[in-house]
Amino acid sequence: MAVLVGKSAPDFKAAAVVNGVEIVNDFSLSQFKGEKYVLLFFYPKDFTFVCPTELHAFQEKLQQFRDRNVEVVAVSTDTEQSHWGWLQMSPEQGGIKGITYPLVADTNKSISFNYDVLAGQWFIDEDDQMQCE
């Protein structure tokens, strides 16, 4: 387990959905460096029944975070297209429509790896691909 307390946050560049509608291919953590604090959190999977509540709770408090110069950024291993699709569904349908902070797509799991949040058993195969047991 990596200890990240007191260290610089591992930077990344990945696709993300921002403002609930726009897909960008080069979202990076470093864009905030020296400008804002970042509350970076990971959630398990789009279209799950528990996560929408947590995602909406962050949205409800978003202005309070921004008033303190903090940006909220969420990460999961789903694709940016999956994030976008979930953002089109209303909360009544289990969606997250109305979320405006960035949802980052960690499809190659490198962000999750660098933050030591991957669960389960996994390994890198001979083709440099991550495999789960």
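Rules used in this analysis
- Residues numbered from 1 in each chain as written.
- Predicted model: local features only at pLDDT ≥ 70, side-chain atom pairs only at ≥ 80, totals over all residues.
- Heavy atoms only, no water.
- Buried < 20%, exposed > 50% of the residue type's maximum accessible area, 1.4 Å probe, protein only.
- Helix = DSSP H or I, 4+ residues; strand = E, 2+ residues; numbered from the N terminus.
- Arc of directions from axis to C-beta.
- Contact = heavy atoms within 4.5 Å.
- Pairing = 2+ DSSP bridges.
- Axes fitted to C-alpha atoms, helices over the stretch in contact; angles between N-to-C directions.

A.B. asks: Can you break down helix α1 (residues 51–60) residue by residue, with the values?
C.D. replies: Turning to α1, its buried residues are C51, P52, L55, H56 and Q59. The buried residues of α1 occupy an angular sector of 125° when projected down its axis, which confines them to one face. Away from its buried face, by an angle of more than 90 degrees, α1 presents the exposed residues T53 and E60. Summarising the contacts, the buried residues of α1 are in contact with β3 (37–42), α2 (62–67), β4 (70–76), α3 (80–87) and β5 (103–105).

A.B. asks: Can you tell me about the sheet that holds β3, naming the residues and giving the values?
C.D. replies: The sheet built from 5 strands is open, its strands ordered β2-β1-β5-β4-β3 with mixed pairing. Every interior strand has two partners, whereas the edge strands, β2 (22–28) and β3, have only one. Neighbour to neighbour, the strand axes of the sheet diverge by 35° on average, direction disregarded. Packed onto the sheet, α1 meets β3, β4 and β5 and runs at close to 165° relative to β3.

Keep in mind that these numbers describe shape and distance, not what the molecule does.
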